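Spelled out, the chains give:
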Amino acid sequence: MQQVVRPRRAVDPADDDLGALIAARRPGYSLPAALYTGAAAFEADISVVFHHHWIVVGVEADVPEPGDVYAVDIGPTPIILVRDDEGQIRAFHNVCSHRGAKIVPSGRAIVGKLVCPYHQWTYELTGELTGATHMGLDFDKALHHLQPVALRNIGGLIYVCLSNDPPEDIAAFEAIMGPRLAPYDLANTKIAYETDLIEEGNWKLTMENNRECYHCAGNHPELALSYYSTDLGFDPSELSDEEREQADWLSAQYAERTALWEACGLPSSTVNNVVGHPTQFRTQRLIIAGAGESQTLDTRAACRLPLSEEVATGSGDTHLWTVNGWNHFMGDHAVVFTVLPLGPDKSLLRTKWLVHKDAVEGEDYDLANLISVWVDTNREDADLVRIAHQGAMSAGYRPGPYSRFTERTLDEWSTWYVERMQAHGYGV
Ligand code: 3BY
Ligand code: FES
Ligand code: FE
């Protein structure tokens, strides 16, 4: 069998000097290579971004019933989401208070209690330790409950923060996104399908790739049917007369539709809280192209049961980007993407397609039709992330200029990253 030799970046001693790398980032340009490829940057990302910021890990539908457990790994730190007997969703470190074993394997389970496989310490779904044999009469179980993790359920999206001092601006995010997501009634959805894609690239390259649609025209024939890539901006001087007419038409449509949506109680204006916001997010209600209903190949709804009556027709696509995810909420279904780092050059992209919980596969929706656009788009994006990472590994890589028309959001992303690293003491 032929052995696959993975390319390795020539190690430069400066790769470990995160302070110098952060200080070297030039505004308007992509990051120095070692911030994408280096082991030191990866460790700092886990510590600064994933252990001190609000991270999206799942949706209410991951734990629909009491006793449902969903175990996720945030870098080296495994956590569990659990719905307790009162219906409350809680998050805990997935680490036993005895000798620290990981209690539940990653993935989903249904349990009555949480029992550590090592010595069978037993926890209630509230985290309380109720069973621990041979520990003596003086052993106080109350001191050994599971360690809680900060959790916010924002319109059905589950955010956690591993820090004991979580960024307080989650309140601003909640104030804006709570009302925007409420009409989609995510609490009453189910996961129709889920995919795990291991991307061969740094998680920041996955996030950068998703923040621009410069690459869409050349790479996403399926998504292009329902997605107006021009909503992310093009250089007007490069447009033909016909293209300019189209762009003008689209801006007029946006003005008209945004006013209409707002009048119907569907908040729609763009909010861009990235630079200067620890809990970064950007949201916008997009017009869907074609028949305007959904991100499908025929641009019509894939599921005949809407997520709610409020969004049943003409509600467009609420697009939300956060630090490790992006989302599309449409009238008939939602697609939720979460990105979790596995290594400097490996990231997990988990995608969930949500439909109304009463929708029946084969009757209300055809699964292949529901998932087809994003299965293809994800595969295409994974290829782009792979070649971007390969380039960053090369001795020939130099930080390159972001387009001020189509990649403004990337400059904001990289600026946010540098700011957050500096806030945690790197490069200052
Ligand atoms: O649709 C998305 O989620 C993103 C935004 C722009 C390009 N991309 C495919
Ligand atoms: Fe969990 Fe011992 S490590 S019971
Ligand atoms: Fe893409």
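- Labelled according to an unreviewed UniProt entry, the protein chain appears under the name (Fe-S)-binding protein, originating from Acuticoccus sediminis.
- According to its UniProt record, the protein chain has this under Cofactor (unreviewed entry): "Fe cation".

Points about the state of the cysteines
Working step 1: Across all of its chains, the model carries 1 disulfide by this definition.
Working step 2: Note that C213 is cross-linked by a disulfide to C216, the S-S spacing being 2.0 Å. Residues C213 and C216 share a disulfide whose torsion about the S-S bond is about -95°; that sign makes it left-handed. When sorted by exposure, C213 lands in the same class as C216, which is buried.

Digging into helix α9 (residues 408-423)
Side chains of residues three or four places apart in an α-helix project in the same direction, reflecting 3.6 residues per turn.
Working step 1: In a regular helix each residue adds 1.5 Å, so 16 residues correspond to 22 Å; α9 covers 22 Å between its end C-alpha atoms and thus fits that length.
Working step 2: Buried residues of α9: T409, L410, E412, W413, S414, W416, Y417, V418, R420 and M421, and no others.
Working step 3: Packed against the buried residues of α9 are α1 (18-24), α2 (33-37), α3 (39-50), α5 (203-211), β12 (271-273) and β13 (281-286).
Working step 4: Two residues or fewer after α9 comes G425, characterised by a positive phi angle close to 95°.

Side note on the coordination of the iron ion (ligand 3)
Working step 1: Protein-derived coordination of the iron ion (ligand 3) comes from H215 (NE2), H220 (NE2), D381 (OD) and D381 (OD), at a distance range of 2.0 to 2.6 Å.
Working step 2: Geometry at the iron ion (ligand 3) is irregular, judged from the 4 donor atoms that bind it and their angles of 54 to 147° at the metal.
Working step 3: All donor residues of the iron ion (ligand 3) come from one chain, and their arrangement in sequence is H-x4-H-x160-D. H220 matches H215 in its accessibility class, with the two residues each being buried.

So, the sheet that holds strand β3 (residues 77-83)
Working step 1: Read from one edge of the open sheet, 4 strands run β4-β3-β2-β5, paired in antiparallel fashion. Both outer strands of the open sheet, β4 (89-93) and β5 (107-110), are each paired with one neighbouring strand and no more. Strand-to-strand twist across the sheet, computed as the mean angle between neighbouring axes with direction ignored, equals 25°.
Working step 2: Both strand β2 (residues 68-74) and β3 contribute to a ladder of 6 bridges, which runs antiparallel. Bridge pairing in β3 places I74 opposite T77.

Regarding the sheet that holds strand β7 (residues 122-123)
Working step 1: With antiparallel pairing, 3 strands are arranged side by side in an open sheet as β6-β7-β8. Every other strand in the sheet has two partners, leaving β6 (114-115) and β8 (129-131) as the edge strands with one partner each.
Working step 2: Of the strand pairs in this sheet, β7 and β8 are connected by 2 bridges, and their pairing is antiparallel. When the sheet's bridge partners are listed, Y123 is paired in β8 with L129.

Some words on the pattern of salt bridges
Working step 1: One pass over the structure, following the stated rule, counts 17 salt bridges.
Working step 2: The shortest N-O distance in the salt bridge between E124 and K113 comes to 2.9 Å. One end of the pair, E124, is in the loop between β7 and β8; the other, K113, is in the loop between β5 and β6, with 11 residues separating them in the sequence.
Working step 3: Ionic pairing is found between R152 and E174, a salt bridge with its closest N-O pair at 2.8 Å. Of the two residues, R152 sits in strand β9 (residues 150-154) while E174 sits in helix α4 (residues 170-181), which places them 22 residues apart along the sequence.
Working step 4: Here the salt bridges share partners, and the residues they tie into one network are D62, R108, E194 and K352.

Overview of the UniProt feature "domain: Rieske" (unreviewed entry) in the protein chain
Working step 1: Per the UniProt entry, the sites bearing "domain: Rieske" (unreviewed entry) are residues 54-160 in this numbering.
Working step 2: Annotation note: span residues 54-160, helix share 0%, strand share 41%, distance between end C-alpha atoms 5 Å.

Section: the site of ligand 1
Working step 1: Near ligand 1, the surroundings consist of 12 residues, among which N210, E212, Y227, H319 and H328 are the closest.
Working step 2: A distance of 2.9 Å separates an oxygen atom of ligand 1 from a polar atom in the side chain of H328.
Working step 3: Expressed as a share of its isolated accessible area of 270 Å², the protein-covered part of ligand 1 is 100%.
Working step 4: When contributions to the shell around ligand 1 are tallied by element, the ones reaching two or more residues are β14 (317-322) and β15 (325-329).
Working step 5: Residues of the shell around ligand 1, tallied by class, amount to 8 nonpolar, 3 polar and 1 charged.

Some points on the packing of aromatic side chains
Working step 1: Under the defined criterion, the tally for this structure stands at 12 aromatic pairs.
Working step 2: Look at Y36 and Y397: their rings are 6.5 Å apart centre to centre, the planes differ by 85°, and that puts the pair in the edge-to-face class. Taken together, the residues Y36 in helix α2 and Y397 in the loop between α8 (367-393) and α9 connect sequence positions 361 residues apart. Both residues of the pair, Y36 and Y397, count as buried.

Reading guide: rules and limits
For every chain, the first residue of the written sequence is number 1, and numbering continues from 1 onward in sequence order. Working convention: letters from A go to chains and numbers from 1 go to ligands, in the order in which they are written. pLDDT decides what is reported in this predicted model: residues at 70 or higher carry local features, side-chain atom pairs at 80 or more are listed and counted, and totals for whole chains, interfaces and linings draw on all residues regardless. As a convention, hydrogens and water are excluded, and side-chain values are obtained from all of the structure's heavy atoms. UniProt positions are given in the numbering used here, feature names are shortened, and annotations may be inferred rather than shown by experiment. The disulfide criterion used throughout: a pair of cysteine sulfur atoms within 2.5 Å. For the exposure calls, accessible area comes from a 1.4 Å probe over protein chains only, and a residue counts as buried if that area is under 20% of its type's maximum, exposed if over 50%, partly exposed in between. Numbering goes from the N terminus for both helices and strands, where a helix is a DSSP run of H or I of at least four residues and a strand is a run of E of at least two. Each helix should span, by expectation, one fewer than its residue count multiplied by 1.5 Å. By definition in these notes, contact holds between two residues if any of their heavy atoms fall within 4.5 Å. Metal sites are built from N, O and S donor atoms within 2.8 Å, or 3.2 Å for Na, K and Ca, and they leave out water, so they may look incomplete. The geometry test gives tetrahedral to four donors whose angles all lie between 85 and 135 degrees, gives square planar to four donors and octahedral to six donors whose opposite members are over 155 degrees apart with all other angles between 65 and 115, and gives irregular to the rest. At least two DSSP bridges between two strands are needed for those strands to be called paired. Every axis corresponds to a line fitted to the C-alpha atoms, with the helix fit spanning only the stretch in contact, and the corresponding angles, defined between N-to-C directions, vary from 0 to 180 degrees. For this document, the term salt bridge refers to a Lys or Arg side-chain nitrogen within 4 Å of an Asp or Glu carboxyl oxygen. We define proximity as follows: a residue is near a molecule or strand when any one of its heavy atoms falls within 4 Å of that partner. For the purposes of these results, a polar contact is taken to be a pair of N or O atoms within 3.5 Å, where, inside protein, one atom must be able to donate a hydrogen and its partner to accept one; residues adjacent in sequence count only when each atom of the pair is a side-chain atom. Note on areas: these come from Shrake-Rupley sampling with a 1.4 Å probe, and a residue is covered only by the protein chains present in the view. Gly is put with the polar residues, along with every residue not named as nonpolar or charged; the nonpolar set is Ala, Val, Leu, Ile, Met, Phe, Trp, Tyr, Cys and Pro, and the charged set is Asp, Glu, Lys and Arg. Side-chain rings of Phe, Tyr and Trp (the six-membered ring for Trp) are treated as a pair once their centres are within 6.5 Å; stacked means planes under 30 degrees apart, edge-to-face means over 60, and tilted covers the remaining angles.

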